[in-house]
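Residues per chain, in single letters:
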Amino acid sequence: MKALSLLLIAALGVSGAFAVDRNNFKTCEQSGFCKRLRAFKPEKSQYTLNVDSVFVHGNVFSAEVVTVDLEKKNILWRYALRLSALADGTFRVEMDEADPLYPRYRTQIALEDEPKGDGLKLISQENGKLTLANTQGHKVIITTEPLKIEFVDHTGEVAVVLNENSQLVVEPLRVKTEKIGEDDEQGNAVEEPEGTWGENFKGHHDSKSRGNEGVSLDVAFPGANHVYGIPEHTDNFYLKTTTSGEPYRLYNLDVFEYELDSPMAIYGAVPVLYSHSAKRSSGVFWHNSAETWVDIVNYSEGNVVSSLVNFVTGGQKQRVDARFISESGIVDIFVLLGEKPADVFRQYTTLTGVAPIPPKFSLAYHQSRWNYNDEADVRAVDDGFDQHDIPADTLWLDIEYTDKKKYFTWDVERFRHPTEMVANLTAKGRKLVVIIDPHIKREAGYFVHEDCTEKGYYVKNKDGNDYEGWCWPGSSSYPDFFNPEVTKYYVERYRYENFPGTSKDVHIWNDMNEPSVFNGPEITMPKDCRHWKPPQDGQDGLAAYWEHRHVHNEYGQWYIRATQQGMLARSDGKYRPFILTRSTFAGTQRYAAVWTGDNAAEWGFLQASVPMCISLATAGISFCGSDVGGFFKNPDAELMTRWYQAGAYQAFFRAHSHIETKRREPWLFDATTLARIRDAVRRRYALLDFWYTLFYEHMIDGLPVTRPLFQEFPKEEATFTIDNQYLLGDKLLIRPVLEQGVTSVKLYLPAKETSTLWYDVDSYQVVTANGWINLDVTITKIPVYQRGGTVVPRKERVRRASALMANDPYTLVVALDANNTARGTVYIDDGETYEYRSNKYIYGSFDYQPTAFTYKFINEDANYPTRSWVERIVIAGIKNAPKSAKLVQGGKQTPLQMTLHRGNDVLVVRKPAASMASPWEIQFTY
Amino acid sequence: MIYSAWIRQLQSLTIVLFTFIISGQTDVPRPRGVSLSKASLYSPTKDFTCFDGTSTIPFSYVNDDYCDCFDGSDEPGTSACLNGVFYCTNAGHRPQNIPSSRVNDGICDCCDGTDEYATPGTCSNVCEELGREARAKAQQLADLHKAGNHLRLELIEKGNKKRSEMAVQLSQLEKDKAEAELIKSEKEALKNELEAKENEALQVYRDAEEKERQRNAEIERQQREKEAREHFDKYDVNSDGTLTIDEIQKALIFDRNKDGEVDQEDILHFFGDKDSVNLEYFISTTWPMLKPLFMTNQGLFQPAVNEEEAEEPEVDEEEEAARDTEDVGGDDDDNIDEIPHDHTDDHDIEPDQSGKYDEETQKLIDEATEARRQLTDAERTVREIESNMRTFQQNLEKDYGPQQEYATLDGQCLEYEDKEYIYKLCLFQKVTQKSKNGGMEVGLGEWGEWAGEEGKKYSVMKYTNGLACWNGPHRMSTVNLNCGLESKLTSVTEPFRCEYKIEFTTPAACDDSNLAQQETSHDEL
């Protein structure tokens, strides 16, 4: 027996060499409210709307909702319901206690602004049903008893239903009674489940002095094939039925060696859920920052019990139900009625905001490592890129650059001359990114610690004293950014004079902001820690502060918000900051780019990076990437090559590695691998202006930059579950090679119905869409297709850094559709300031017709004195080549030379030399 | 590759325009960015053929800021081709080839500033200044090498001397060894002779001892039998001279499985599968089996626990670990196993049992003991000579540089201190690191080999197979040798995890003939 167990341990030791320690993290069963509310499945909901209380004012419908004892018929508790009609096909439903014992937390910084209202009318009230309509053709049908709310789309079909499964719960706040089982005012026995006033997990006690305050709601999507969203998880993009296992969890956690294909919580939490079918897309945004669990039942999955299917859906096999369970807050849900995928994605960013166009360099290639050891090391890596002729825009410094993990300081032994070091980088157009984490080292004499202690700026523990946790510096405390004074103080820290060595070209990486607390419950802050709340008369005791449980998923966002304000303040609002964050929440796109955290040099993590980033992109956060090469462990040459090739087509493109891995700057691989990496990085630079244009357009239209196929092809069922390929804008289709040792990959080319043409960007060979194809690949091949009918701007003169390419000429790749036409756009500005807000930019359109290729300014009031010009126009898929061409610009006409390549029907217009600073037209004659 | 295959086929015809620049430094006209040696390939009177031969274009297409050649050869003076090369003359300093992506990018790459011609005034010509500095630096280096070369020549002389001395010493050692072996065999013969006498004398005593032993054994046997008989009588309740199962079952003390009774099976085991036993069988077989149990019950006897055995492997591991860490680089490892084994221990005679033997015997014993000691000494001398010889042989086989300039440095140790550690390089031996906060010395590698690039083999030393890093490779060190007037370490870094880089200056690396060669190769002005 002993021998056997030893053998088992040995076997586990081998297979478990890289794996999350699941014991550190709660299951639903171990999370009091999840266990309690998940088990709550009444046959009939206790919640009833009081018809007499109904009131419609402006865009808001309000009413009293009560819970009723189903047997005794007496009222148990009273709630206030608000339903608002909002602009752009959106409704909001809020339900709080009518008179809560203390205010319940309402999430503060997920929404960009107060949402814009729409008109709302009560159009009928009969048979216990109220019907409301907005001005956009959507209706809401409220059944009063039990309460059910149905949202009806343009076609008259029900798109979203709330509380159909009777799982609406708002646990009332109660006074703690000494004796368990005491009666309440009405004489009913109050049952207090175990754990109401305190819970334990792995030696951590959560004091729960407010008792239970959970909320729950079920949401049905009739007719939906799949649901998507609620990042961040390592699972597929499309969500799966969770009833036989754990729900998807949203609780920002620093999960060491996180596992793949899992519903476990990791660093980020964006509680937006989308449903989709060929007919319609809709979605809900669960506006709550507390720990949240989401159950999914997809009735089309084979393993969902058929009796259940019949019971709930009346035999309908196409439907998805979801259920949100949160530890605290109120019920606050936005219903997005689509009806196309792009509509729901936009409706979400209408609420939570878009990413402002990032500084251009941040879309280029980033080189990072934990750690570049000293100034000489930084210099050597910087020079290495030049010696090996690989472009790079930034070098990154991880935590070791600081004086013993005291942020806003430098290790003076290793980084004695940070100003000169930065100047060396910027002399080549490069930037530096340094890490700043939220934990503050508790060390006497450290100015940040002394200031925060003296002024009471730290998050407090349950007893009201400064909370102390353990993180990189050892004993640490955490500034409470909920206090505007703290944020103001922190903003000042980023001023150039307060952080010597920094300049406009030093940008910030905010890590560990879940927050990560090494010795805390689930490696984070205890839920009974106290956060600042604006002082208010009569609000004392438990009402005088928020508990960490209320705000947890939002904490990291308050942090990056402070950083953003600081970086704006340091340049008086002149320069755009670049911030990278690990923790995410609804609205993070307004502040920072995101990476997928501490992954590993394994093929599985390369694969996971694609759905993880698509999921974040649809949740507003397009600026996403993974550590190229994998953070932990050492990648071999093939994995490294494939990761660079994939990363070149993901929005945030950064190589990073753990301090204990072998060094892996590209030139440390063999010459062949080095050449392949160089090629991949150059491809990125050639497309940088295309990326930049996409991010500008995201700022305008709120749509993802990296898109799931079904966003563009919503009627093609095959695309609904494809999450290893995606689109850049509506123009390029990317299918990174994510598999080891393959010589061919399966690839789906959508829009067969419209005979869409797809052009291989390497050869301009055209393929007519026909669904799945097998494509032969070599180690140098990255399958990328340009959609017929599009124009993509490229800059083929790849320099050391993107800033050096500003004046370089464009190559315009025109991929013709079946009608021999194509369209595209380009955005040009200075790449780093907010001058674009004063119309100092060019947003140009390209329109190719067989007679002429036209470049116009979309906004004619805006202009930018670019020195870029057009060096080459490549027209792919040309069947009937023109005989001659001339450029017309500024009243001048210039004849142009062209070369036709018959092998692949490519016409190249040689050196039109048209300036991009003003409109032009190239006219063709046949 | 960014440029697609169609560029290969690109071919058009247009009017030829002459776009020539005259290089300021020479009279040979050539397109911008072309070196003198390639000037002849760009002839303005002919169409231009790309160097790779894939395409021929009008000469006006050369340097027209549009890439026509797959190999970039048509745009030596612009940034149009991703794979192009721009040549700067850099008069006054060294000429340079830069990637054409650095042309007109706003950064001064050529000291003559010719790479930034699009924005005149961006770069000033600093070649004269840089050239002067570079020449001064080269001169300094040459002076240093020259000065160092004297020391190097001394080192060579000493090195050669040391080697020849070692060779002499080695042959001396060979002689010594032959002599020592002769002595050893003499001593061995003497020892054998004296031991024979000693044995003969001691035989008398041995016989007496044997008798004594037998007598003691007999007494012991009788005691055992008596004890068994007593117990037999105790359990043989009916005193019939036979012990039955019933009788023994009453004696709970023999309950082997401690369940409160003595079960049949146990007794059958003790009784040799018989119902009863007589006294004779009890004494010879049953009692010896029962006695330990009896004693256990009485608390007199503890079953043996194999603790020592269980712990032994751990001890071994520790020892091994200790050996791994402490004995790194010990050349004498091979000898360790040979040192023990003093021959005295095959004899059961305890030498200081004085008084036990008569005077004459004692004298024989003393003589034999002395002979054994002398033999041991003689053997040790042989081993020591052999060990010395091995060291000399190994050193003679070591590569001390092309002219033995490094020979005298063997074993010399140099230290380098940084904030946290003290590093020690013992040349041709090992590299170690010791924390200033204490703790044990960590081996960063043992002498491995010369590892410079081709033609510069003796510029780099590698010390490999140091202490293994946790979860990682064995530590190793690379030592770069530079010319300097004294031997010292100028820096120690760890650019890669567990791979240390040491900068070491020594006059042995000063070679002015080498330097002169390098200098000439740079002169292509």
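Residues numbered from 1 in each chain as written. Chains lettered and ligands numbered in written order. Predicted model: local features only at pLDDT ≥ 70, side-chain atom pairs only at ≥ 80, totals over all residues.

The name recorded for chain B in an unreviewed UniProt entry is Glucosidase 2 subunit beta, from Bicyclus anynana.

Put simply, the rule reads: UniProt positions are given in the numbering used here, feature names are shortened, and annotations may be inferred rather than shown by experiment.
In the annotation of an unreviewed UniProt entry, the entry for chain A reads Glucosidase II subunit alpha, and the organism field reads Bicyclus anynana. Quoted straight from UniProt, the Subcellular location (unreviewed entry) entry for chain A says "Endoplasmic reticulum". Of chain A, the UniProt comment under Pathway (unreviewed entry) reads exactly: "Glycan metabolism; N-glycan metabolism."

1. Comments concerning the overall build of chain A
Defined as follows: Going along the chain from the N terminus, every DSSP run of H or I of four or more residues is numbered as a helix, and every run of E of two or more is numbered as a strand. Computation of the radius of gyration draws on C-alpha atoms alone. For the globule rule, the value is 2.2 Å times the number of residues to the power 0.38. We call a residue exposed when 12 or fewer other C-beta atoms sit within 10 Å of its C-beta, buried when the count reaches 20 or more, and partly exposed for counts in between; the C-beta positions come from the backbone. For every residue pair, C-beta atoms are placed from the backbone, and the pair is scored as a contact if these atoms sit within 7 Å.
A count of helices and strands for chain A gives 14 helices and 52 strands. The C-alpha atoms of chain A give a radius of gyration of 29 Å, which matches the 29 Å a tight globule of 926 residues would have. Principal-axis analysis of the C-alpha atoms gives chain A an extent of 95 × 70 × 65 Å. When each of the 926 residues of chain A is scored for burial, the buried share is 56%. Residue pairs at least 24 apart in sequence account for 72% of intrachain contacts in chain A once pairs closer than 6 positions are excluded.

2. Some remarks on the pairing of strand 26 (residues 474–477) of chain A
Residues and elements named next belong to chain A. We count it as follows: Pairing between strands is defined by DSSP: at least two bridges between the two strands are required.
In this structure, strand 24 (residues 440–441) lies alongside strand 26, joined through two bridges in antiparallel fashion. Counted as the bridge partner of Ile440 is Ser477 from strand 26. Taken together, the three bridges between strand 25 (residues 469–471) and strand 26 define a ladder with antiparallel strand orientation. For Trp470, the partnering residue across the bridge sits in strand 26 and is Ser475. In this antiparallel pair of consecutive strands, strand 25 and strand 26, the connection spans two residues.

3. Let's talk about the nonpolar core
Residue and element names in this part refer to chain A. Note the following rule: The term nonpolar core refers to a set of buried Ala, Val, Leu, Ile, Met, Phe, Trp, Tyr and Cys residues connected through C-beta atoms within 7 Å.
Counting 276 residues, the largest nonpolar core has Val227, Val284, Phe285, Val335, Val434, Val814 and Ala876 as the members making the most contacts within it. Counting residues per element, this core draws most heavily on helix 10 (residues 603–618), at nine residues. Not counting residues within four places of it along the chain, the set of residues in contact with Phe285 comprises Pro271, Val272, Ile333, Phe334, Leu336, Tyr348, Leu351 and Ala586.

4. Overview of the interface of chain A and chain B
Many authors give the size of an interface as the accessible area that is lost as the parts come together. Rules: By the convention adopted, Pro, Cys, Tyr, Trp, Phe, Met, Ile, Leu, Val and Ala count as nonpolar, Lys, Arg, Asp and Glu as charged, and the other residues, Gly among them, as polar.
Across the contact, 27 residues belong to chain A and 25 residues belong to chain B. At four residues, helix 12 (residues 671–686) of chain A tops the list of elements feeding residues into the side of chain A that touches chain B. Partitioned by chemical class, the residues of the side of chain A that touches chain B number six nonpolar, four polar and 17 charged.

5. Here's the deal with the sheet that holds strand 25 of chain A
Read across the open sheet, the three strands follow the order 24-26-25 (chain A); overall the sheet is antiparallel. At either margin of the open sheet sits one strand with a lone partner, and together these are strand 24 and strand 25 of chain A.

6. Considerations on the UniProt feature "domain: MRH" (unreviewed entry) in chain B
Residues given the UniProt feature "domain: MRH" (unreviewed entry) here are residues 411–512 of chain B. As annotated, residues 411–512 of chain B has a helix share of 1% and a strand share of 55%, and its two end C-alpha atoms lie 26 Å apart.

7. Notes on the confidence of the model for chain A
Formally: Think of pLDDT as the predictor's per-residue confidence, scored from 0 to 100.
Residue-level pLDDT values for chain A average 94, and 95% of them are 70 or greater. Note on residues 1–16 of chain A: pLDDT is under 50 here. Beyond four places in sequence and across chains, it has zero contacts.

8. Overview of the pairing of strand 2 (residues 60–68) of chain A
Residue and element names in this part refer to chain A. Of the two faces of strand 2, only the one carrying Phe61, Ala63, Val65 and Thr67 is buried; Val60, Ser62, Glu64, Val66 and Val68 on the other face are not. Remark: two residues form the turn of the hairpin made by strand 1 (residues 47–57) and strand 2, two consecutive strands paired antiparallel; Gly58 in that turn has positive phi of roughly 60 degrees. Alignment of strand 2 against strand 3 (residues 75–86), held across nine bridges, turns out to be antiparallel. If you follow Thr67 over to strand 3, its bridge partner there is Trp77. Counting the residues in the hairpin turn of strand 2 and strand 3 gives six residues, including Lys73, whose phi is positive at 65 degrees.

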